[in-house]
Amino acid sequence: MSEPTDRKQGERYANFSFDTQVVHAGWDAHAEPTGAVMPPIYMTSTYIQDGPAKPRMGYEYTRTQNPTRFALQDALAALENGKAAFTCASGMAAVHTLMLTLKPGDLIVAGRDLYGGSHRLFDEIQARFGLRYLYVDTTQADVLDNLPEDTTLLYLETPSNPTLCVTDLEAAIAGAKKVGARTAVDNTFATPALQRPLDLGADYVLHSTTKYICGHSDVVGGALIVKDEKLADDIWFHQNSAGTSNSPFDAFLTLRGLRTLHLRMERHCTTALQIAEWLDQHEGVGKVLYPGLPNHLNHDSAKRQMKAFGGMVSFVLPGGVPQSTRFVEACKLFSLAESLGGVESLIELPAPMTHASLSPEKRKEIGIEDGLVRLSVGIEDSNDLLADLDQALAESVS
Ligand SMILES: *Cc1c(COP(=O)(O)O)cnc(C)c1O
């Protein structure tokens, strides 16, 4: 297994600003023999060789090497300011690939309000293979400062789902370093447009590229990005061995979506803030959870480490599940669906939907009230979105 020899893609753009790299990173039409401005979709499982063990440009088999996937990987590595990215069939496949690099007995200290699928993977599958998981509240400074001495990996999400808690990344990374542990950050909600954990010293960044990175709700995918060469070699070996990589077609679509990340995030953030402020002053609405509101518990950390506050807004309706059910059913523009991060606005109820697998006690512990509503604010006209919420609120109390 070898690295292809023609991977100069993207270097041309390495010194440009983030917004320029979003548009160009990972693909250099000047270096392409045909001059193709966009990467072709190399739908091939294998590549002819010029002699035994003489692949033409290092390409042997698509699980291992594929030019379309490499274009996406190089783009994501550039945007997160890493050395290497590994794209996977789903966000969960990316999380799984990271855990494959650990060994029985290793202790993973994880944020208690992780994506539900990550919880399930850790507790019901990886624990069977001897990995140990401990869940903590990573928003607490004293927790970060006193991680167990034998921690191997600190694993966290910020902002978290659906409560939008923000972990102080600098404090988390310092706490992990103090006990000789590495740090992994699931950066799905923020994206590199808003925060870059590798720049703050994190070792791994993960994404469900299904969400904002692709941004059009038409592909499921994931990514794992690192700065350190040794960690990159390790992930390369495990990803190839376990076969968690994504298809060339999915890589193409994801890269196509990625090219507008900076513009989409700007609109998601502006409209989400507007909606959060509107909900916050509405007397029919309980608590509003949005890191951009000054009354948010972790607003200071969010201000320090994020360029803007993201497109996700959660809030509580005082009438519990009966009212929140009437509310989501009355929405005409926000579509009732799981997932997030697409150009279209979505709405869902964590308690009976995405977080139904957690016990009521566990939900209560991490702040998921029965009447909690989660919005993925899209890039439609903000007045249309506000009007939709307004009429649905009126409907939900009548
Ligand atoms: C969706 C999601 C995942 C899982 O990704 P899939 O692409 O659905 O496998 C992991 N982490 C977060 C924060 C997510 O939102």
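The next subject is the overall build of the chain. Along the backbone of the chain there are 13 helices and 12 strands. For the chain, the C-alpha radius of gyration of 21 Å lies close to 21 Å, the compact-globule estimate for 398 residues. Judged by the C-alpha coordinates and their principal axes, the chain covers about 75 × 50 × 35 Å. The burial tally for the chain puts 56% of its 398 residues in the buried class. Of the roughly 16800 Å² of accessible surface on the chain, a fraction of 53% belongs to carbon and sulfur atoms.

Let's shift gears to the domain arrangement of the chain. The figure often quoted for interface size is the accessible area lost as the parts come together. Assigned domains of the chain: these are domain 1 (11-258) and domain 2 (262-396). One C-alpha centre belongs to domain 1, the other to domain 2, and the line joining them spans 27 Å. The interface is formed by 33 residues belonging to domain 1 together with 37 residues belonging to domain 2. In this assembly, domain 1 packs against domain 2 so that about 3000 Å² is buried in total across both faces, 59% of it on carbon and sulfur atoms. For the interface between domain 1 and domain 2, the tally reads 1 salt bridge. Linking D168 and R304 is a salt bridge whose minimum nitrogen-to-oxygen distance equals 2.9 Å.

Bringing the sheet that holds strand β12 (residues 372-376) into the picture now. With respect to topology, 5 strands assemble into an open sheet ordered β8-β9-β12-β11-β10, the strand pairing being mixed. In the strand order of this sheet, the two ends are held by β8 (288-289) and β10 (335-336), each with one partner. Taken together, the 2 bridges between β10 and strand β11 (residues 346-348) define a ladder with parallel strand orientation. Within the sheet, the bridge partner assigned to S335 lies in β11 and is L346. Across the sheet, helix α9 (residues 261-280) touches β8, β9 (312-316) and β12, and the angle it forms with β9 is around 10°.

Okay, the site of the ligand next. Around the ligand there are 13 residues in total, and G91, D186, S208, T210 and K211 lie nearest to it. In this structure, D186 approaches the ligand through a side-chain N or O atom, which is 2.7 Å from a nitrogen atom. A distance of 2.8 Å separates an oxygen atom of the ligand from a polar side-chain atom of K211. For the ligand, the accessible surface in isolation is 380 Å², of which the surrounding protein chains cover 91%. Per-class residue counts for the shell around the ligand are 4 nonpolar, 6 polar and 3 charged.

Summed over all chains, the structure comprises 7 aromatic pairs. With a centroid separation of 5.3 Å and 90° between ring planes, the pair formed by F122 and Y155 is classed as edge-to-face. One end of the pair, F122, is in helix α4 (residues 116-125); the other, Y155, is in strand β4 (residues 151-157), and 33 residues separate them in sequence. Accessibility expressed as a relative area gives 0% for Y155, which makes it buried. Note on Y290 and F309: the rings are 6.5 Å apart at their centroids and 75° apart in plane angle, and the pair reads as edge-to-face.

At their nearest, the axes of helix α11 (residues 320-330) and helix α13 (residues 382-397) sit 8 Å apart, and the two run at 140° to each other. Judged by the inter-axis angle, α11 sits oblique to α13. For α11 against α13, the interelement crossing comes out right-handed. Facing Q323, R326, F327 and A330 of α11, the residues of α13 in contact are L389, Q391, A392, L393, E395, S396 and V397. Residue composition of the contact of α11 with α13, grouped by class: 6 nonpolar, 3 polar and 2 charged.

Moving on, we get to the packing of helix α2 (residues 67-79) against helix α8 (residues 248-258). The contact between α2 and α8 brings their axes to 8 Å, and the two run at 40°. Of the two possible hands of crossing, α2 and α8 adopt the one that is left-handed. Of the residues in α8, those in contact with T68, R69, A71, L72, A75, L76 and L79 of α2 are P248, A251, F252, T254, L255 and L258. When the residues that make up the contact of α2 with α8 are grouped by side-chain class, the tally is 10 nonpolar, 2 polar and 1 charged.

What follows is about the sheet that holds strand β7 (residues 222-226). Spatially, β1-β7-β6-β5-β4-β2-β3 is the arrangement adopted by the 7 strands of the open sheet, whose pairing is mixed. Pairing within the sheet leaves two strands with one partner each, and these edge strands are β1 (84-88) and β3 (132-136). This sheet shows a mean twist of 20° between the axes of neighbouring strands, independent of strand direction. Here strand β2 (residues 107-111) runs beside β3; their pairing, made up of 5 bridges, is parallel. Bridge pairing in β3 places G111 opposite V136. The strands touched by helix α6 (residues 169-178) are β4 and β5 (182-186); relative to β5, the strand with the most contacts, the crossing angle is about 150°.

Attention shifts here to the nonpolar core. Core analysis: the largest hydrophobic core is formed by 63 residues, its most contacted members being F327 and L375. Counting residues domain by domain, this core receives three or more from each of domain 1 (11-258) and domain 2 (262-396). For L375, the residues in contact, after removing those within four places along its chain, are I275, L279, G311, M312, V313, F315, F334, L346, I347 and L389. Membership of the second largest hydrophobic core comes to 27 residues, among which are L98, A110, L121 and L231.

With that settled, the discussion passes to unusual backbone geometry. Note that the residue after T158, namely P159, is joined by a cis bond; omega there is -10°. Here P159 is to be found in the loop between β4 and α6. The peptide bond linking N161 to P162 adopts the cis configuration, its omega dihedral lying at 0°. Summarising the element assignment, P162 is placed in the loop between β4 and α6. A positive phi angle, near 55°, is found at N81, a position not held by glycine. Within the secondary structure layout, N81 lies in the loop between α2 and β1. Of note, the phi angle at S339 is positive, near 75°, even though the residue is not glycine. Tracing the sequence through the fold places S339 in the loop between β10 and β11. For S339, a relative accessible area of 29% gives the class partly exposed.

The rules behind these values
Residues numbered from 1 in each chain as written. Predicted model: local features only at pLDDT ≥ 70, side-chain atom pairs only at ≥ 80, totals over all residues. Heavy atoms only, no water. Helix = DSSP H or I, 4+ residues; strand = E, 2+ residues; numbered from the N terminus. Rg over C-alpha atoms; globule rule 2.2 N^0.38 Å. Buried < 20%, exposed > 50% of the residue type's maximum accessible area, 1.4 Å probe, protein only. Areas by Shrake-Rupley, 256 points an atom, 1.4 Å probe, with all protein chains shown as cover. Domains from an automatic or database assignment. Contact = heavy atoms within 4.5 Å. Buried area = accessible area lost by both parts, 1.4 Å probe. Salt bridge = Lys/Arg side-chain N within 4 Å of Asp/Glu carboxyl O. Pairing = 2+ DSSP bridges. Axes fitted to C-alpha atoms, helices over the stretch in contact; angles between N-to-C directions. Near = heavy atom within 4 Å. Polar contact = N/O pair within 3.5 Å; in protein donor to acceptor, adjacent residues only side chain to side chain. Nonpolar A, V, L, I, M, F, W, Y, C, P; charged D, E, K, R; others polar. Phe/Tyr/Trp six-rings, centres within 6.5 Å; stacked < 30°, edge-to-face > 60°. Parallel < 35°, antiparallel > 145°, perpendicular 65-115°, else oblique. Left-handed = near helix turned anticlockwise from the far one by under 90°. Core = buried A, V, L, I, M, F, W, Y, C linked by side-chain atoms within 4.5 Å.

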